[in-house]
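For reference, the chains in residue letters:
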Amino acid sequence: MDYPESYQLVFQASAVEDDTVTVRRTEQSGAGGFPIYEDETGIVRAEISDRGEVRMLASGGHQVLGTPLVVREPSG
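Residues numbered from 1 in each chain as written. Predicted model: local features only at pLDDT ≥ 70, side-chain atom pairs only at ≥ 80, totals over all residues. Heavy atoms only, no water.

The protein chain is annotated in an unreviewed UniProt entry as DUF6296 family protein of Streptomyces pulveraceus.

(A) Looking closely at the pairing of strand 2 (residues 19-29). Direction of pairing for strand 1 (residues 6-11) relative to strand 2: antiparallel, over a ladder of six bridges. When the bridges of strand 2 are listed, Leu 9 appears paired with Val 21. Bridge analysis of strand 2 against strand 3 (residues 35-38) gives three bridges, and the strand direction is antiparallel. Bridged to Arg 24 within strand 3 is Glu 38. Counting the residues in the hairpin turn of strand 2 and strand 3 gives five residues, including Gly 33, whose phi is positive at 85°. (Pairing = 2+ DSSP bridges. Helix = DSSP H or I, 4+ residues; strand = E, 2+ residues; numbered from the N terminus.)

(B) Quick peek at the pattern of salt bridges. Enumeration according to the criterion identifies four salt bridges in this entry. Here Arg 45 and Glu 38 are joined by a salt bridge, their closest N and O atoms 3.2 Å apart. Linking Arg 55 and Glu 47 is a salt bridge whose minimum nitrogen-to-oxygen distance equals 2.6 Å. Overall, the relative accessible area of 3% leaves Glu 47 in the buried class. (Salt bridge = Lys/Arg side-chain N within 4 Å of Asp/Glu carboxyl O. Buried < 20%, exposed > 50% of the residue type's maximum accessible area, 1.4 Å probe, protein only.)

Here it is as structure tokens:
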């Protein structure tokens with residue numbers, strides 16, 4: 001199956017605008033068998049299914065993982 005190269009994860013932020021993070025597909029697969037995506041720092045990691053379901057993955061200890069409000073493919 002072909003999976004998108006990247007997604008935008010939109011998180012609710014306490015500021016005026018929500019926080020959007022772009023994640024790119026890696027060569028790794030998660031426990032559900034779907035690709036793992038990560039941001040350029042490798043800190044934000046997520047397994048994203050073919051139905052757009054997201055499982056956030058810890059990249060280090062003591063992380064509090066938030067759930068994105070929206071998962072979308074970048075436009076243009």
